Amino acid sequence: MRQTLHMNRFCVAATVIAVTWIAACGLSTEGTGVDVDGDATAPTRDAAPTSAIDSAPPIDAVSPTPPTGLLFYYPFDGDTKDHSGNAHDLTNSGATLVADRFGTANAAYFFDGNKNYMVAPNAGLPVGTVERTMTMWINMADQHAQWSIVQFGTGDCTGGEFALGYQGSTSFWSGCNDAKSGMTFSTGTWTFVAVVFTPPTSLKIWTNTAVKSVTVGTKLNTGAGQLFVGAETTQNDVNGFRNHYKGAVDSLRIYDHALTDAEIQTVYALP
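Okay, so let's go over this structure. (Residues numbered from 1 in each chain as written. Predicted model: local features only at pLDDT ≥ 70, side-chain atom pairs only at ≥ 80, totals over all residues. Heavy atoms only, no water.)

### Some remarks on the sheet that holds strand β11 (residues 179-180)
Argument step 1. Pairing in this open sheet of seven strands is antiparallel, and the strands run β3-β6-β15-β8-β9-β10-β11 from one edge to the other. Unpaired on one side and paired on the other, β3 (91-93) and β11 mark the two borders of the sheet.
Argument step 2. Two strands pair when backbone bridges link them, and β3 and strand β6 (residues 117-120) are joined in this way by three bridges, in the antiparallel orientation. Bridge pairing in β6 places S93 opposite Y117. (Pairing = 2+ DSSP bridges. Helix = DSSP H or I, 4+ residues; strand = E, 2+ residues; numbered from the N terminus.)

Printed below as a string of structure tokens:
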């Protein structure tokens with residue numbers, strides 16, 4: 001059943017890509033139910049980043065092979081173990097197991113928005129100015145403004161954080177060098193989000209199969225800090241939380257390089 005759902009997810013992703021390609025060629029997409037206008041804007045915070053909507057890769061560019069370079073991988077299938085082979089297991093503080101996007105019981109974790117979080121040591125996380133990618137599936141129970149659902153690094157207002165959050169739309173946070181994508185989604189819905197960093201200032205923020213290219217105002221320089229899931233901290237410390245996430249998280253992945261558009265589409269289709 002899980003394999004069938006995986007194939008269905010891949011087919012859905014391929015259909016969206018094909019429709020986007022058709023629209024780019026000036027053909028009609030009427031009746032497809034897919035928005036290919038690409039008219040989202042990119043609100044900004046302090047660094048005033050610039051941005052542009054990108055086209056999804058052609059359907060034949062989607063790789064059937066999962067990307068290499070996986071540093072951290074949490075499928076959350078009943079536990080918080082790292083399945084990348086690098087043994088970066090998370091320590092859970094209160095988050096509870098729930099069904100994942102396929103309806104499989106005990107295959108994702110729910111955070112209560114109050115005090116739940118997870119943490120892993122900083123060993124092996126990308127630091128400094130090196131390229132990297134972070135992807136995950138989330139199901140938000142509410143959309144209160146928060147810069148971090150998942151983060152690592154340290155140093156607010158220094159460009160030393162690296163996080164995905166939601167500030168009215170899928171957002172990137174590095175500490176006063178941030179960007180909002182303008183891409184929104186509904187609560188109670190499983191949504192794929194990702195951020196791809198190419199040094200020194202280029203980002204791609206993904207929401208499902210839509211992508212926004214962003215150039216931040218100052219180069220990122222991620223500090224050495226722990227990995228946090230479900231809570232936002234400026235001090236890289238469990239005693240320094242300033243916000244908590246309410247909702248579920250599944251299939252969290254961190255890669256050691258900037259994934260291509262085709263590789264992101266492949267990750268989107270993975271179970």
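### As for the pattern of salt bridges
Argument step 1. Taken as a whole and assessed by the stated rule, the structure comprises three salt bridges.
Argument step 2. Between R101 and D250 there is a salt bridge, with its nearest N and O atoms 3.2 Å apart. Of this pair, R101 sits in the loop between β4 (96-98) and β5 (108-112) while D250 is found in strand β18 (residues 246-255), placing the two residues 149 residues apart along the sequence.
Argument step 3. Here R101 falls in the buried class, since its relative accessible area comes to 12%.
Argument step 4. Classification of D250 by relative accessible area gives buried; the value is 0%.
Argument step 5. The partner of D261 in a salt bridge is K204, with the nearest N and O atoms 3.0 Å apart. (Salt bridge = Lys/Arg side-chain N within 4 Å of Asp/Glu carboxyl O. Buried < 20%, exposed > 50% of the residue type's maximum accessible area, 1.4 Å probe, protein only.)

### Looking at the pairing of β6
Argument step 1. In β6, alternate side chains face the same way, and those of Y117 and V119 on one face and M118 and A120 on the other are all buried.
Argument step 2. Here three bridges tie β6 to strand β15 (residues 227-229), and the two strands are oriented antiparallel to one another. The residue bridging A120 from the neighbouring strand is L227, located in β15.

### Some details on the environment of P121
Argument step 1. Here P121 is to be found in the loop between β6 and β7 (132-140).
Argument step 2. Exposure remark for P121: the relative accessible area of 52% places this residue in the exposed category.
Argument step 3. Between the alpha carbons of P121 and T91 there is a distance of 9.3 Å; along the sequence they are 30 residues apart.
Argument step 4. Among all residues touching P121, those that are not within four sequence positions of it are D89 and Q226. (Contact = heavy atoms within 4.5 Å.)

### Some words on unusual backbone geometry
Argument step 1. Here P199 and P200 are connected by a cis peptide whose omega angle stands at 0°.
Argument step 2. Take P200: it is sitting in the loop between β12 (191-198) and β13 (202-207).
Argument step 3. With phi around 60°, A87 is a residue other than glycine that occupies positive phi space.
Argument step 4. Among the structural elements, A87 can be located in the loop between β2 (70-74) and β3.

### Section: the nonpolar core
Burial of nonpolar side chains together is a common tendency in soluble globular proteins.
Argument step 1. Counting 39 residues, the largest nonpolar core has M134, I138 and L227 as its most contacted members.
Argument step 2. The element best represented in this core is β7, accounting for four residues.
Argument step 3. Those residues in contact with L227 that sit more than four places away from it in its chain are F72, Y74, L90, M118, V119, A120, L125, V150, Q151, F152 and I254.
Argument step 4. Among the nonpolar cores identified, the runner-up in size contains 16 residues, and A248, I264, V267 and Y268 belong to it. (Core = buried A, V, L, I, M, F, W, Y, C linked by side-chain atoms within 4.5 Å.)

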